[in-house]
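Analysis of the macromolecular model
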Number of protein chains: 6
Amino acid sequence: MSAGGGAGGWELDRIVAELRRARRAGTSAERCTSRGELPSREALVGIVAGLRAALYPAHFGPPDLTDEAVDYFVGQTLDATFRALHEQVRRALSFDAAHGVGSRDDLPARAEALTRELAARLPRVRSLLDTDVRAAFEGDPAAKSVDETLFCYPGVTAVTHHRIAHELHVLGAPLLARIIAEIAHANTGVDIHPGAQIGASFFIDHGTGVVIGETTVIGERVRLYQGVTLGAKSFPVDESGVPIKGRPRHPVVEDDVVVYAGASILGRVTIGKGSSIGGNVWLTRSVPPGSMITQAQARSEVFADGAGI
Amino acid sequence: MSAGGGAGGWELDRIVAELRRARRAGTSAERCTSRGELPSREALVGIVAGLRAALYPAHFGPPDLTDEAVDYFVGQTLDATFRALHEQVRRALSFDAAHGVGSRDDLPARAEALTRELAARLPRVRSLLDTDVRAAFEGDPAAKSVDETLFCYPGVTAVTHHRIAHELHVLGAPLLARIIAEIAHANTGVDIHPGAQIGASFFIDHGTGVVIGETTVIGERVRLYQGVTLGAKSFPVDESGVPIKGRPRHPVVEDDVVVYAGASILGRVTIGKGSSIGGNVWLTRSVPPGSMITQAQARSEVFADGAGI
Amino acid sequence: MSAGGGAGGWELDRIVAELRRARRAGTSAERCTSRGELPSREALVGIVAGLRAALYPAHFGPPDLTDEAVDYFVGQTLDATFRALHEQVRRALSFDAAHGVGSRDDLPARAEALTRELAARLPRVRSLLDTDVRAAFEGDPAAKSVDETLFCYPGVTAVTHHRIAHELHVLGAPLLARIIAEIAHANTGVDIHPGAQIGASFFIDHGTGVVIGETTVIGERVRLYQGVTLGAKSFPVDESGVPIKGRPRHPVVEDDVVVYAGASILGRVTIGKGSSIGGNVWLTRSVPPGSMITQAQARSEVFADGAGI
Amino acid sequence: MSAGGGAGGWELDRIVAELRRARRAGTSAERCTSRGELPSREALVGIVAGLRAALYPAHFGPPDLTDEAVDYFVGQTLDATFRALHEQVRRALSFDAAHGVGSRDDLPARAEALTRELAARLPRVRSLLDTDVRAAFEGDPAAKSVDETLFCYPGVTAVTHHRIAHELHVLGAPLLARIIAEIAHANTGVDIHPGAQIGASFFIDHGTGVVIGETTVIGERVRLYQGVTLGAKSFPVDESGVPIKGRPRHPVVEDDVVVYAGASILGRVTIGKGSSIGGNVWLTRSVPPGSMITQAQARSEVFADGAGI
Amino acid sequence: MSAGGGAGGWELDRIVAELRRARRAGTSAERCTSRGELPSREALVGIVAGLRAALYPAHFGPPDLTDEAVDYFVGQTLDATFRALHEQVRRALSFDAAHGVGSRDDLPARAEALTRELAARLPRVRSLLDTDVRAAFEGDPAAKSVDETLFCYPGVTAVTHHRIAHELHVLGAPLLARIIAEIAHANTGVDIHPGAQIGASFFIDHGTGVVIGETTVIGERVRLYQGVTLGAKSFPVDESGVPIKGRPRHPVVEDDVVVYAGASILGRVTIGKGSSIGGNVWLTRSVPPGSMITQAQARSEVFADGAGI
Amino acid sequence: MSAGGGAGGWELDRIVAELRRARRAGTSAERCTSRGELPSREALVGIVAGLRAALYPAHFGPPDLTDEAVDYFVGQTLDATFRALHEQVRRALSFDAAHGVGSRDDLPARAEALTRELAARLPRVRSLLDTDVRAAFEGDPAAKSVDETLFCYPGVTAVTHHRIAHELHVLGAPLLARIIAEIAHANTGVDIHPGAQIGASFFIDHGTGVVIGETTVIGERVRLYQGVTLGAKSFPVDESGVPIKGRPRHPVVEDDVVVYAGASILGRVTIGKGSSIGGNVWLTRSVPPGSMITQAQARSEVFADGAGI
């Protein structure tokens, strides 16, 4: 078929030229060579899959893995995954350096040190995840076994991604952490910023629409349902209108809190230990330990306050 | 590049040993060989795709399929899909047996019988789906044709997965059913437990955030919008705090009901035939046939009751 | 394994015959050969990826692309993508013709013209997207750089898909547009009908559960949060109960409006320039420029009106 | 890594320009758009695999194919393969037309007719191949079963390709035929020109280095060993030095002949029925039926003649 | 495109029926279900690659494998490969049983025992291959390093396949062995029957066209060049014309023999220790240790004997 | 299936330990970390395919490439290919350095320079290949068009690989060159050492079994047939028995020579301009220009000399 074979075709030359001009006029005056390297989302999908298989080989390794072979599988999977991660960390540090964060020196060695440190933290990540999986089993009457929970539940998938992403965030690879968080978001509808600090035995049921902000702090044995937002109420901007970054602006949720479906808790407020926040509640103030907040109770402040996330 | 080539590297030996210890200390004392086999989510993605292509070959078969060839395509696709499903059913039964559900005897034959029974039910699944597709076309003013509805609508995709998953659930393969439901959930944001019973001509528009619980019963010609929850209000736990499984705890929605976006209906309540539940309504009691429930009407009970899903 | 090897097997012949009967009894009396060709969703995934890489080669091209090579990359990627798009457009026009929309004549040439026109519009799409990316960076305190925003944010991904889908919709390939919109919906939880008209500097944060209807009109510098619905309140049906298609039935949102999480704006209402609509607000009437609507203010109309999406 | 990031890089512009000039100066003054379309070797690999699976589904179909499913598999495989072949035939006819062979008119319909005719000949191809497989089993003391012969023997693979290629050659798709012959050549080391006419029960053992020329005629029950050449002795050229094409210039080998390893038979000579040609023999004259030719006997003519293939 | 869309199409029904008849009339009256399962050539390609990587991880493992990780890589690769091999062995035994060789009982256990025995022999295979690699380096003036020899030389590739195939042949999986030999044949042009017994330090240079028959016995430090045949001279047939299988009919080549390009040694003859057989020599008698055979010397017997492989 | 699940399994620990010991005892005392990096054969397959597509985009580019798009295709393909090649060159230099050839310093920059130099030579490679393609068309009466020759002929494929490999050999990447030569050898049966110097208008017909040695020098317009060896007669070894590398030991073939099938020319002899060497001739002495050598003429020297390649 002679598509474009006549006079003109797609007018490739013109479109290429116009796109070149657009790149040069762009807000960031894109130039490939000054940009550093962007990580590969696809590679990170594989890296998380590798880590998950090494953490839970009986569930995410090959179906007929034997006890005899399991350590070989774990060791080999970790090695391949760490090498892949090392390359992505190197790119992320290069990207940071190109944006003025950190230097360009010694990128491979720094990437190696960061990867090694993540490696060292994996056993602790596994221990935390064990508490999350247990919490999922105990928190859902439809769960038939702990294994099913680990294997099927999107909330568990989201937390697995978060616990890995959070370590990368803390260790200095926030871009990788963010991409991993978005991989989980795309697959589960759960959007947890990698900066959020989350204690043991955390469970999100159903999960679609959950948003947990960057500076959120969550205690132990907390349970959330679908559509819950732990968000910011508003944020200060600098004189040029750009938001001021990094301020604590999301809730502190203490141990043993349950937040039901569709509830929104906004701002740097504290939800006291053991509280229960009802479905669809809109809450922008702190509540003391043991509170039982329903829409009726929450209403008064809405009338007074009302601003969004 | 000498990643890990120096003294120490990733310290694989230490991490592998720590992860081994974590596995042995795990709540389920993981041992690969006593665990049974877990199904493959990837295989199930292919199986659902195969069944969908066999059910609607003109839409999900090859683009230039002819009437002359269609039965060969359907037969061959079914055969390959049934064989793949048979293997996954066998694994699921093996997994169940390892968890004390059913025996280890005669797994291949039982898997074959179950697969054969699913096969026999496919024509009925197709007939039901035809009513759903028709309902989608009639329920959305933006729909240009029945074909577009079948091909593009996430609600139709979710229901297709559900009707297959539900049969597997009923036939004794709940883990497979659950994984298929989660595949749909990940792709559409619609979370339907495979245990839910759903009548003909069912339509979910937009769909993101819809949650339909395990013991829900839905009549014919029901329509839901995005963010609707048909959930449980609370659930009893046994003396050790584990939820008691299997009790009816989700709504009964009778024929010809419409539930608008963001509404939550919680607990074993009955929504009478022909009722209309308004957007964002929070409803935890039964309503008689023909009810028109708005936020205003729903509010009173919230003040009295308030607990979430 | 002798699955199906005994007398009977899967009873393929019977199931194939029953499915054939179901196809013939179907609402659309499916016949492959009279159906036109359906586009390939998989191909469209690749086409959007190709266009995105050509629009932003430094971000979505190969990781080590140089300034020397970038125009070759852009030109070759566009050429391959246009050829793939041309084939999908041809199929879509064939599908339309089989459904009585447009003629069967001259499909390849018309597909080529449509593809060429889309090509010509790409530089403008890039310019619009630049404003969106900038808006995302300025609208989120957690954003570290413009590049991160472009690379990671699901809202930006959704808008990228929309701006391409919208051009295809306007140019006469609504089925392709719809499939592209659903690709974005599946990946981001953001459901924007390709018919929606959206001005520059548009930002959706978090995004899961956002629904924007077919006849929505959005001005410049508008910001939405997760769970926002810009929907229809109800729709007229013809005498046979089928919705009347094509009427304006979704909101007009003027410049500089912010709509917070979970708010629903329904019907052909106008949200005046610079207004702010609070979280979870349910709004079915127009508001003048500069309004600050909270749940309290919105409540009165709910009591009076209350109907769904 | 900034490969090519410095002054100059790969000098892409210069190399692209030089290659453009080389194309324009080429002997065939290459222009893409006047060239017709070249077939895809990769597609032809798949087409031969499809035909082979349809001809011998128990050997080249899925490993657990059942008698119940076999006809569905065959029908579906044929349909998909014929559609793929149809596209390649269309390209080949387009290529021919661009080279002055045949017209550009009605290419799809002519391609369809040719494909349909090939389809009609497949049962006969299968019957011939059955005789070849049987001959392989009977001709090799190392063969353990007929099935092994069909599945493993490169000679059988080569003949399978040839019998398909020969039909395409005869039906008017010599370029496709040639590519299929080269696929076999690359995989087996056996180079049979698709024009060669080969009778039933043909067996090539080991096969590497066998060459059978375009105008060769082989009877029934002929057996060849590795390194045998059935070639041309010399060929007339026209006044500009280009060989005159199409003249019979390769041997006629009658029924029941055996040619041992490394023998060369050159020119339009006839090897009489039942003859046996010894290893490494160099033969450029006809021999009567029942001849037993050894190196000693062959030598005399070498001294007199000696020209090559 | 409406290929086949008119009356008739490919006439699939007729062709499928004719092919069905051909299958039923076939020499082996093919029925899928009585046939046992055929191994997968593709799986065996992967298995040989896995074993080669485990044997020489620095050469065929991942490019940046470290000493820290190498044992994990080897263990995991072996485990995955043994499991894949186990499945292929099971199929091969099932195939044998369907052909009357061995029983159908206890196939998985017997397959496991055979696989375990192959596993146990791998270290010895590695030691033998080390001598072959060394011989290649010392035997070719163009070889730059031992590593290059292992990595690039087709003769080394062929011997690697042979040493694995030979163990499978001896252990009772001759069909798998044969397929592996044919994989090597297709890739290198070297055709070694897996039954051949070959001593240490074996080297084949260039290799194309080499044929080594089933009952060949080769000593240590033997070197062959391209086109060498170690074949059978003739073979006895039983009363129905089928060759009598299993008789020693190929040469015995003692230690330190060199056979130059194109030479053919045929029949159960013995080439004495340290002999040198010249290029293109045709030899059908034994020669004592230390012989230097040239074409001239070989000629006399040709005149007397002359039969082929 | 519990393969290996009982006591013992595959005895992985024991086999891994034995293989570790074998590696340590190996002739080269393999240690991964001191070894440098081995190139990837798979990557080189892609690189040659990329170069071939850039050299002949109308034949090896996408089937519907237009004149408008061809330079973009060429530029983008070259860029991607050069980057891939750069990585393989870097590995090869690292490998060399680990074997004492060249230093470890500045590997990426040296790899870049070498890649850039290869890039600069591509237009000349294209011009040479044009002469080869034309020679193939003119040299084979079965060739229907120049395009067919380029697209299908294994001899042309082999020469294409050689001309690229030879440049890499000369530029200092002999290991890459060798692997490329072996890729061609595996696909065509033609084994040309990359060191061989070959003039314009070179044609190999059929090709299987052709061997051309490292120090061969071939003039213009030379034609070879299958099974021709241009080899070494013998080679000197040093005191430890290792062949002395690098000495001229293969033939010089002057312009306009034809060598027929199966002929062997061995040693540093010169075949004078315009000579014709008959099939199966065994030649170990120089012949003057214009010679016509047949087996009869060649025989005398065989009697006197006789040693192999």
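Residues numbered from 1 in each chain as written. Chains lettered and ligands numbered in written order. Predicted model: local features only at pLDDT ≥ 70, side-chain atom pairs only at ≥ 80, totals over all residues. Heavy atoms only, no water.

1. Considering the relation of the copies chain E and chain D
Note the cut-off: Here the copies are matched by least squares. The fit uses the C-alpha atoms of residues with pLDDT of at least 70 in both. Residue contacts are counted whenever heavy atoms from the two residues lie within 4.5 Å of one another.
Rotating chain E by 120° about the axis while translating it 0.0 Å along that axis superimposes it on chain D, leaving an RMSD of 0.0 Å. Between the two chains, the operation in question is that of a three-fold axis. Taken as a fraction of all interface residues of chain E, those also at the interface in chain D reach only 7%, which identifies the copy contact as different-surface.

2. With respect to the interface of chain E and chain F
Rules: In short, buried area is how much 1.4 Å probe accessible area vanishes from two parts on joining, totalled over both. Salt bridge criterion: a side-chain nitrogen from Lys or Arg within 4 Å of a carboxyl oxygen from Asp or Glu. Each helix corresponds to a stretch of at least 4 residues labelled H or I by DSSP, and each strand to a stretch of at least 2 residues labelled E; elements are numbered beginning at the N terminus. Classification convention: Asp, Glu, Lys, Arg as charged; Ala, Val, Leu, Ile, Met, Phe, Trp, Tyr, Cys, Pro as nonpolar; all other residues, Gly among them, as polar.
Between chain E and chain F, the contact holds 62 residues from the first and 59 residues from the second. Between chain E and chain F, a total of about 5,200 Å² is buried, with carbon and sulfur atoms accounting for 62% of that surface. Of all residues in chain E, the largest losses of buried area upon contact with chain F belong to D67(E), P141(E) and F151(E), amounting jointly to 12% of the total for that side. Applying the counting rule to chain E against chain F returns 4 salt bridges. The salt bridge partner of R23(F) is D71(E), with a shortest N-O separation of 3.0 Å. Mapped by element, the contributors of at least two residues to the side of chain E that touches chain F are α2 (41-55), α3 (57-60), α4 (70-98), α5 (107-139), α6 (146-152), α8 (174-188) and α9 (295-304) of chain E. In terms of residue count, α5(E) provides more of the side of chain E that touches chain F than any other element does, 14 residues in total. A per-class count over the side of chain E that touches chain F returns 30 nonpolar, 16 polar and 16 charged.

3. Considering the packing of aromatic side chains
Convention followed: Whether two aromatic rings pair depends on their centres lying within 6.5 Å, for rings of Phe, Tyr and Trp, where Trp uses its six-membered ring; planes under 30 degrees apart make the pair stacked, over 60 edge-to-face, and the rest tilted. To sit over a ring, a charge needs its Lys NZ or Arg CZ within 6 Å of the ring centre and within 35 degrees of the ring normal.
Under the criterion given, the structure shown has 24 aromatic pairs over all chains. Between F60(C) and F151(C) the ring centres are 5.8 Å apart and the planes differ by 25°, which places this aromatic pair in the stacked class. Taken as a pair, F60(C) in helix α3 (residues 57-60) and F151(C) in helix α6 (residues 146-152) lie far apart in primary sequence, 91 residues in all. Ring centres of Y153(C) and F203(C) lie 6.4 Å apart, and the angle between their planes is 35°; on these two criteria the pair is classed as tilted. Placement of the pair is Y153(C) in the loop between α6 and α7 (154-171) and F203(C) in strand β3 (residues 203-204), with a sequence separation of 50 residues. Seen from the ring of F60(B), R52(B) lies directly overhead, with NZ or CZ sitting 4.2 Å from the centre.

4. Side note on the side chain of D130(C)
Residues and elements named next belong to chain C. Put simply, the rule is: Each residue is assigned to one of three classes by its accessible area relative to the maximum for its type, calculated with a 1.4 Å probe on protein chains only: buried under 20%, partly exposed between the two thresholds, exposed over 50%. Each polar contact in these results corresponds to two N or O atoms within 3.5 Å; when the atoms are within protein, one needs to be able to donate a hydrogen and the other to accept it, and residues that are neighboring in sequence are counted only if both atoms are side-chain atoms.
Note that D130 resides in helix α5 (residues 107-139). Owing to a relative accessible area of 13%, D130 belongs among the buried residues under this scheme. For D130, the side chain forms a polar contact with the side chain of Y56, separated by 2.6 Å.

5. Side note on helix α8 (residues 174-188) of chain D
All names here are of chain D. Rules: Here a helix's expected span is defined as the number of its residues, less one, multiplied by 1.5 Å.
The first and last C-alpha atoms of α8 sit 21 Å apart over 15 residues, in line with the 21 Å expected at 1.5 Å per residue. For α8, the buried fraction is high: 13 of the 15 residues fall into the buried class. Looking at the residues trailing α8, positive phi occurs at G189, about 75°.

Function cannot be inferred from these measures alone, as they are strictly geometric.
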